[in-house]
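# Commentary on secondary and tertiary structure
Chain residues, written in single-letter form:
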Amino acid sequence: MASPLRFDNRVVLVTGAGGGLGRVYALAFAERGASVVVNDLGGDIKGEGKSSSAADQVVEEIRAKGGKAVANYDSVEAGEKLIQSALDAFGRIDIVINNAGILRDRSFARISDADWDIIHKVHLRGSFLVTRAAWNHMKNQKFGRIIMTSSAAGIYGNFGQANYSAAKLGLVGLSNTLALEGVKYNIHCNSIAPTAGSRLTQTVMPQELLDALKPEYVAPLVLWLCHESCQENGGLFEIGAGWLGKLRWERTVGAIIRQQNRPMTPEAVRDEWSKICDFDNATKPQTIQESTGTLYEVLSSIDSGKGISMNSTSQQTTSSTTIDPARAIGKKLPPSMYQYSHIQPILYALGVGMSTKEPDHMKFLFEGSQDFCCLPTFGVILAQASFMSGGLSTVPGLNIDFTRVLHGEQYLELYKPLPTSGEMRSEGTVADILDKGSGAVILLDVNTYCGKELICYNQFSVFVVGAGGFGGKRSSPKGKATANPPNRPPDVVARDVTSVDQAALYRLSGDWNPLHIDPSFAAMGGFERPILHGLCSFGFSARHVLKHFANNDVTNFKAIKVRFAKPVLPGQTVQTEMWKEGNRIHFQAKVIETGEIAIAGAYVDLASSVNSLESKAAVQDVELQSNLVFEEISRRIKDVGGELVKKVNAVFQWDITKNGKTAAQWTIDLKNGSGKVYPGKASGRVDTSFTLSDQDFIALVMGKLNPQKAFFTGKLKVKGNIMLSQKLEVILKDYAKL
Ligand code: NAI
């Protein structure tokens, strides 16, 4: 047998140790080397009267066996005094057994205030006061073991013991929190619910049982829990008659009965009652984080309209996806309604970057405009309700883990310009399901009607990561295909900087997925910060096409198809590169800061388009990319300009070329005043001047073009003090990062 558990040099306080369980604990600790404070008020079981004899007798017993013990006769309500006894007698306190107890049993209606209060004072408040008095000593010595004595009456309830049950379960709550607060100081706190024959149980148990349920059958658990080698903390144990076991909370899988933007009703609770109470597959949350984590998941899934099925919570998410195409294809989603006034189209237009700064945007932003109209891509908003409000989760054969769903592609076709207000009904159908190996693609067709009139048709391609490999087909004639752009430089390029709040604004149009606003949710998805909605950058690019090829005439817009290739982060610059091929405008959206293609294989089909000469002219109108960088440098050096002037002390001029001609000039003055960056030639003497193309400038800033290499290959021309250019390199690195 391993070495016996000893308590030499440990000081133990056992409250209510004058009889019953407490006496046996005190004797057992003393027998194993501990110094024991035997506390007992010496009253009757109702808490009346007092006497020193109970505690004294136990102290005598311990001493008679060669153990160390002192008596304390205070009520546990004088917590400090009890601990002081330990300190006075033995100089420390290591272990506190909160055991003192009384009863005031009455059926509930007959419980007096006094009955209630005294039970709470002795059991709950007494344990609190004694433990608090010991706490700092334990903390300082980085060791402490605490026992709270609960009861089955508290855990399960017991007729006639309402006051006692409440206090006893209160002790478990107290213990749970002390376990958390104490753990870093090696203070452990556990609760026990004992059953033993004592004067407290005399009235409820026959004598034979009283004799059989010896307190000695409880003490070993208390000693083990209080030993320095025991790491148990925050546990609750039932013990009696030689048996003991541990308790924990169990929680049903439950049911989500709320839907996005709909009231939560008692009828829904009634209807789901058997599911709510079904302990099959129950979980056992152990921490408050686990418990609230589920709620967080639920909020996220409801707010993102994913209509999560609670069968796919935490542990089960990754494995829960099963797709049965045979059952799902052709199934209809519940129809969804979308009612809107002029506000929603305006909010949407702002969400996709329209601005009152642009006169030709006003007709999308001001309901009083003569030609007020809806952006054609608002058509996705009309239809998304059917998808967002959890429609897919109602489809038989689709058991999807919605945390693994990505928006892959989107097709939208308008049959008439969208009304600026109205009530729309959308009907969704699972058109097909494809097996892409790494995942499944669900093609969801949604027809949107105003009354009986078909207004638009959307096809959402939903990619479910990890749900492939079911032996399905890889493509479908029902899928609207993407189209690659022609193999030549784009005919027109347009660019817009998204605002850092772009996603926060766009989501107000109804896509509440927290991935686009909540940093911790985004982190769970592996993103450094919340990403822009794919359909938001889609909106940016679509209006670039509409402007440059249809003069913003919405009647000209027929259809759009996109594939979402990479996310855009709010604040990044979206550049739409467009190619005209008849009435089809191919386009792709590039993130300037990363050079990555965010939207690929995309096109807009127009009824007719403005002629290509105008399109070519538009190329000339497009801002130089370098302008953005200079503006950014200007903004960033504002705060630190003075410091940079001291360090650099030079004026730099930039000649930016496009198609071999100077297209812009910029001056970075880090010599005069507190420094500034301005367009045009330097007003005074220039120390170093640089000439390079807009494109090479961007490559340089992005770190894709090495300055030395650019210089030696003739891409970058430098005049004046060439050595100063090194200082500039540092500035570009630190202040031009977009
Ligand atoms: P007990 O009556 O033999 O022991 C309780 C001791 O606490 C008594 O010696 C009493 O004088 C002392 N005491 C009462 N009020 C006090 C106060 N204000 N300050 C200091 N000491 C005080 O009863 P038993 O059965 O040994 O109970 C010990 C603990 O176990 C109690 O907390 C009780 O509620 C709990 N318990 C006992 C069960 C059992 O089956 N015996 C069942 C569930 C819980």
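Residues numbered from 1 in each chain as written. Predicted model: local features only at pLDDT ≥ 70, side-chain atom pairs only at ≥ 80, totals over all residues. Heavy atoms only, no water.

## Thoughts on the overall build of the protein
A count of helical and extended segments in the protein gives 24 helices and 25 strands. A compact globule built from 738 residues would reach a C-alpha radius of gyration of about 27 Å, whereas the protein, at 38 Å, exceeds it by more than 25%. With respect to the principal axes defined by its C-alpha atoms, the protein has extents near 110 × 70 × 55 Å. Within the protein, the proportion of its 738 residues that are buried is 51%. Within the protein, contacts between residues separated by at least 24 positions form 71% of all contacts whose residues are at least 6 apart in sequence. (Helix = DSSP H or I, 4+ residues; strand = E, 2+ residues; numbered from the N terminus. Rg over C-alpha atoms; globule rule 2.2 N^0.38 Å. Buried < 20%, exposed > 50% of the residue type's maximum accessible area, 1.4 Å probe, protein only. Contact = heavy atoms within 4.5 Å.)

## Focus: the packing of aromatic side chains
Within the structure shown, the criterion is met by 13 aromatic pairs. Ring centres of Tyr338 and Tyr340 lie 5.5 Å apart, and the angle between their planes is 35°; on these two criteria the pair is classed as tilted. Comparing Tyr338 with Tyr340, the two get one shared label, buried. Taken together, the aromatic side chains of Phe630, Phe652, Trp654, Trp666, Phe690 and Phe697 make up a single cluster linked through ring pairs. Taking the ring centre of Phe540 as reference, the NZ or CZ of Arg543 above it sits at 4.9 Å. Looking at Arg584, its charged tip hangs above the ring of Tyr603, at a distance of 3.5 Å from the centre. (Phe/Tyr/Trp six-rings, centres within 6.5 Å; stacked < 30°, edge-to-face > 60°. Lys NZ or Arg CZ within 6 Å of the ring centre and 35° of its normal.)

## Comments concerning the sheet that holds strand E15 (residues 453-465)
Strand order in the open sheet formed by ten strands is E10-E13-E14-E15-E12-E17-E20-E19-E18-E16, with antiparallel pairing between adjacent strands. This sheet does not close on itself; its edge strands, each paired only once, are strand E10 (336-340) and strand E16 (492-497). Sheet twist, expressed as the average angle between the axes of neighbouring strands with direction ignored, equals 20°. Of the strand pairs in this sheet, strand E19 (residues 584-591) and strand E20 (residues 596-606) are connected by seven bridges, and their pairing is antiparallel. When the sheet's bridge partners are listed, Arg584 is paired in E20 with Asp605. (Pairing = 2+ DSSP bridges. Axes fitted to C-alpha atoms, helices over the stretch in contact; angles between N-to-C directions.)

## Topic: helix H2 (residues 53-64)
The end-to-end C-alpha separation of H2 is 16 Å, in line with the 16 Å expected for twelve residues at 1.5 Å each. For H2, the complete set of buried residues consists of Ala54, Ala55, Val58, Val59 and Ile62. The arc that holds every buried residue of H2, seen down its axis, measures 130°, which confines them to one face. Counted as exposed and oriented over 90 degrees from the buried face of H2: Gln57 and Ala64. Phi for Gly66, located one or two positions after H2, is positive at around 90°. (Expected span 1.5 Å × (residues − 1). Arc of directions from axis to C-beta.)

## A few points about unusual backbone geometry
For Asn551, which is not a glycine, the phi torsion comes out positive at approximately 50°. Here Asn551 is to be found in the loop between helix H18 (534-550) and strand E17 (557-564). Phi is positive for Asn649, which is not a glycine, with a value near 50°. With respect to the helices and strands, the residue Asn649 is situated in the loop between helix H21 (641-648) and strand E21 (650-658). Classification of Asn649 by relative accessible area gives partly exposed; the value is 43%.

## With respect to H21
What H21 keeps buried is the set Gly641, Leu644, Val645 and Val648. Burial along H21 is one-sided: seen end-on, the buried residues are contained in an arc of 105°. Residues of H21 that are exposed and point more than 90 degrees away from the buried face comprise Lys646 and Lys647. Phi turns positive, to about 50°, at Asn649, one or two residues after H21.

## Structural notes on the site of the ligand
Residues in close proximity to the ligand total 29 residues, the closest being Leu21, Asp40, Asn99, Tyr164 and Ser198. At 2.9 Å, a side-chain N or O of Arg199 approaches an oxygen atom of the ligand. Notes on the ligand: free accessible area 810 Å², of which the protein chains cover 96%. Those elements giving two or more residues to the shell around the ligand turn out to be helix H1 (20-31), helix H4 (113-141), helix H6 (162-182) and strand E6 (187-195). Per-class residue counts for the shell around the ligand are ten nonpolar, 15 polar and four charged. (Near = heavy atom within 4 Å. Polar contact = N/O pair within 3.5 Å; in protein donor to acceptor, adjacent residues only side chain to side chain. Areas by Shrake-Rupley, 256 points an atom, 1.4 Å probe, with all protein chains shown as cover. Nonpolar A, V, L, I, M, F, W, Y, C, P; charged D, E, K, R; others polar.)

## Quick look at the pattern of salt bridges
Here the structure, examined in full by the defined rule, presents 23 salt bridges. The residue Glu228 makes a salt bridge to Arg10 at a minimum N-O spacing of 2.5 Å. Highlighted residues: Glu228 in the loop between helix H8 (219-225) and strand E7 (236-240) and Arg10 in the segment before strand E1 (11-14), separated in sequence by 218 residues. What makes Glu228 partly exposed here is its relative accessible area of 42%. (Salt bridge = Lys/Arg side-chain N within 4 Å of Asp/Glu carboxyl O.)

## Topic: the pairing of E1
Here E1 shows two buried faces, one formed by Val11 and Leu13 and the other by Val12 and Val14. Sheet topology places E1 next to strand E2 (residues 35-39); four bridges connect them, and they run parallel. Among the inter-strand pairings, Val12 is bridged to a residue of E2, identified as Val36. Assessed by its sense of winding, the connection that carries the chain from E1 through H1 to E2 is right-handed. In this sheet, strand E4 (residues 95-98) lies alongside E1 in parallel orientation, the contact comprising three bridges. Residue Val12 lies in a different strand from E4, and its bridge partner there is Ile95. (Right-handed = clockwise from strand over helix to strand, strands pointing away.)

## Observations regarding the sheet that holds E7
One open sheet accounts for eight strands, arranged E3-E2-E1-E4-E5-E6-E7-E8; its pairing is mixed. In the strand order of this sheet, the two ends are held by strand E3 (68-72) and strand E8 (243-247), each with one partner. Going across the sheet, the axis of each strand differs from the next one's by a mean of 20°, ignoring polarity. Of the pairings in the sheet, the one linking E7 to E8 comprises five bridges and is antiparallel in character. Looking across to E8, one finds that Gly240 is bridged to Trp243. H1 contacts E1, E2, E4 and E6 of the sheet and is inclined by roughly 170° relative to E1. With respect to the sheet, H2 is in contact with E2 and E3, its orientation differing from that of E3 by roughly 175°.

## Description of a nonpolar patch on the surface
Together, Phe711, Phe712, Ile722 and Met723 make up an exposed nonpolar region whose accessible area comes to about 430 Å². With respect to the element layout, Phe711 can be found in helix H23 (residues 707-712). The exposure class assigned to Phe711 is partly exposed, which follows from its relative accessible area of 31%. (Patch = residues over 30% accessible without salt bridge, like charges linked within 9 Å, V, L, I, M, F, W, Y side chains within 5 Å.)

## Topic: the side chain of Gln653
By secondary structure assignment, the location of Gln653 is in strand E21. Of the polar contacts made by the side chain of Gln653, one reaches the backbone nitrogen of Ala682; its length is 3.2 Å. Not counting the four nearest positions on each side in its chain, Gln653 is found in contact with Gln665, Trp666, Thr667, Lys681, Ala682, Val686, Thr688, Ser689 and Phe690.

## Re the nonpolar core
Ranked by internal contacts, the top residues of the largest apolar core, which has 54 residues, are Phe378, Ile560 and Phe587. The leading source of residues in this core is H18, at nine residues. Excluding its chain neighbours within four sequence positions, the residues that come into contact with Ile560 are Thr377, Gln410, Tyr411, Leu412, Phe538, Ala542, Phe587, Tyr603 and Val604. The next biggest cluster of nonpolar side chains, apart from the first, holds 36 residues, and it includes Val14, Ala69, Leu221 and Phe237. (Core = buried A, V, L, I, M, F, W, Y, C linked by side-chain atoms within 4.5 Å.)

## Examining the pairing of E10
Residues Ser336, Tyr338 and Tyr340 line the buried face of E10, whereas the alternating positions Met337 and Gln339 sit on a face that is not buried. By the bridge criterion, five bridges tie E10 to strand E13 (residues 422-435) in an arrangement that is antiparallel. By the bridge assignment for E13, Tyr340 is matched with Gly422.

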